[in-house]
Amino acid sequence: MRSAMAEAVVGDDVYGEDPTTIELERRVAALLGYEAGLFVPSGSLGNQLGLRLLVRPGQELVCDSLAHVARAELGAAAVFSGITFRTWRATRGLLDVEDVRALISPDAGPYLVSTAAVEVENTHNFGGGTVQPAKQVAEVQELARSCGLGLHLDGARLWNAQVATGTPLAELAAGFDTVSVCLSKGLGAPIGSVLVATAERIAEARVWRKRYGAGMRQVGILAAAGLYAIERHIDRLAEDHVRARRLAEALGADPSAVETNIVVLDVSDAAAVAGAAAQHGVLTSALGPRFLRLVTHLDVDDDGIDRAIEVLKPLVTAR
């Protein structure tokens, strides 16, 4: 991957002249079944641009209460786009169309905030890497369309959903107005995401990317890593899924609840467990008082899983 980055042919992407970036955007858009793509530095920016295209200032986005856009993007939608949120509770982040139906308020008039779009996350990060059921996604899309609402997919880990289910990426991404996918995380690129949509929407997103300070010049050196990742690192995600289930079983979690590469542990003091594990070289994320997240990826091999089990098992048992 580093060799590909060093050898990348580059140009000025602010002017749309970087051939490697253009190729990455074209390839990802084609994989997902969309007209055009836009390379951005982060999944958060991909999401924020997607939301900006669908929700005007003063309107609201609805999503589940654990969604990354609501919980982990530091209020960016409110700060930069004037978007308000309302959320529903979702067990393990899984969609239920009735939750959405009960919450939305399209065309709410002059006294209430009007819903403009629905956001879906697949796989669901804080839900534990869960894959959204196709039936529920279709029902939410049908509801949104019938109400004239936009649809954004946070597909940061959509690659994992494809590998876990065997469903083509284009099918998983179909029916949304905007989709963001991440090239780092499981795919192993050092940076970057791609937003896909219609050519018209991507042209608008390119303007907003520059306004947000993310216009990039010879960024083909980073796009080359993304190309390398989508060519070589998608199928191997299955290895991460197997290792995650082994990790879950060894640590007393239900392996049948581990669909992809994320293991969630309920411990009495997540911060204490994470701190103790870090002292032994095992890095985890304490995302709540009792919520400990473990993520498998291409830099963690079988020996790494053995080491994680060795370190974490006494910690999670004791706490």
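The structure under discussion appears in the preceding block.
This is a predicted model, so every value here is computed, not measured.

What counts, and at which threshold
- Residues numbered from 1 in each chain as written.
- Predicted model: local features only at pLDDT ≥ 70, side-chain atom pairs only at ≥ 80, totals over all residues.
- Heavy atoms only, no water.
- Helix = DSSP H or I, 4+ residues; strand = E, 2+ residues; numbered from the N terminus.
- Rg over C-alpha atoms; globule rule 2.2 N^0.38 Å.
- Buried < 20%, exposed > 50% of the residue type's maximum accessible area, 1.4 Å probe, protein only.
- Areas by Shrake-Rupley, 256 points an atom, 1.4 Å probe, with all protein chains shown as cover.
- Polar contact = N/O pair within 3.5 Å; in protein donor to acceptor, adjacent residues only side chain to side chain.
- Contact = heavy atoms within 4.5 Å.
- Pairing = 2+ DSSP bridges.
- Axes fitted to C-alpha atoms, helices over the stretch in contact; angles between N-to-C directions.
- Parallel < 35°, antiparallel > 145°, perpendicular 65-115°, else oblique.
- Nonpolar A, V, L, I, M, F, W, Y, C, P; charged D, E, K, R; others polar.
- Left-handed = near helix turned anticlockwise from the far one by under 90°.

### Let's talk about the overall build of the chain
Then step 1. Secondary structure assignment for the chain yields 14 helices and 10 strands.
Then step 2. Relative to its length of 319 residues, the chain is compact, with a C-alpha radius of gyration of 20 Å against a globular reference of 20 Å.
Then step 3. By principal-axis analysis of the C-alpha atoms, the chain measures approximately 55 × 55 × 35 Å.
Then step 4. The burial tally for the chain puts 53% of its 319 residues in the buried class.
Then step 5. Of the roughly 13800 Å² that the chain leaves accessible, carbon and sulfur atoms contribute 52%.

### What to know about the side chain of Ser81
Then step 1. Position of Ser81 among the secondary structure elements: in helix α5 (residues 76–81).
Then step 2. Only 3.1 Å separates the side chain of Ser81 from the side chain of Tyr212, close enough to count as a polar contact.
Then step 3. Leave out the neighbours within four places in its chain, and Ser81 touches Arg52, Arg56, Pro57, Ala76 and Tyr212.

### Comments concerning the sheet that holds strand β9 (residues 285–286)
Then step 1. Pairing is antiparallel across the open sheet formed by 3 strands, whose spatial order is β8-β10-β9. The sheet is open, and its two borders are formed by β8 (262–266) and β9, each paired with just one other strand.
Then step 2. In this fold helix α13 (residues 270–279) packs onto β9 and β10 (291–295), with an angle of close to 40° to the strand it touches most, β10.

### Looking at the pairing of strand β2 (residues 60–64)
Then step 1. Summarising burial for β2: 5 of the 5 residues are buried, a large majority.
Then step 2. Every second residue of β2 is oriented toward a common face, with Glu60, Val62 and Asp64 on one face and Leu61 and Cys63 on the other, all of them buried.
Then step 3. Inspection of the sheet shows β2 paired to strand β3 (residues 84–88) by 5 bridges, in the parallel sense. Directly across from Val62, in β3, lies its bridge partner Arg86.
Then step 4. Pairing geometry for β2 and strand β4 (residues 115–121), over 3 bridges, is parallel. Across the sheet, residue Glu60 finds its bridge partner in β4, namely Thr115.

### Focus on the packing of helix α8 (residues 158–165) against helix α12 (residues 237–250)
Then step 1. The contact between α8 and α12 brings their axes to 9 Å, and the two run at 80°. Of the possible angle classes, the one that applies to α8 and α12 is roughly perpendicular. Together, Trp159, Asn160, Val163 and Ala164 of α8 and Leu237, Ala238 and His241 of α12 make up the contact between the two elements.
Then step 2. The class makeup of the residues in the contact of α8 with α12 is 5 nonpolar, 2 polar and no charged.

### Some thoughts on the packing of helix α2 (residues 19–32) against helix α11 (residues 220–232)
Then step 1. Close contact between α2 and α11 brings their axes to 8 Å; oriented N to C, the two are set at 35°. In terms of crossing hand, the pair formed by α2 and α11 is left-handed. When α2 is examined against α11, the residues Thr20, Thr21, Glu23, Leu24, Arg27, Val28 and Leu31 are found in contact with a partner set consisting of Gly220, Ala223, Ala224, Gly226, Leu227, Ile230 and Glu231.
Then step 2. A breakdown of the residues in the contact of α2 with α11 according to their chemical character gives 7 nonpolar, 4 polar and 3 charged.

### Considerations on the sheet that holds β4
Strands pair in a sheet through their backbones, by hydrogen bonds, and they do so in one of two ways: parallel or antiparallel.
Then step 1. On the basis of which strands lie adjacent, the open sheet formed by 7 strands has the order β1-β7-β6-β5-β4-β2-β3 and mixed pairing. Whereas interior strands pair on both sides, the edge strands pair on one side only; in this sheet they are β1 (36–40) and β3. The mean inter-strand angle of the sheet, taken between neighbouring strand axes irrespective of direction, is 20°.
Then step 2. Here 5 bridges tie β4 to strand β5 (residues 150–155), and the two strands are oriented parallel to one another. Along β5, the bridge assignment pairs Ala117 with Gly150.
Then step 3. Sitting on the sheet, α2 touches β1, β6 (178–182) and β7 (193–197), and the angle it makes with β1 is about 125°.

It is worth stressing that arrangement in space is one thing and function is another; only the former is reported here.
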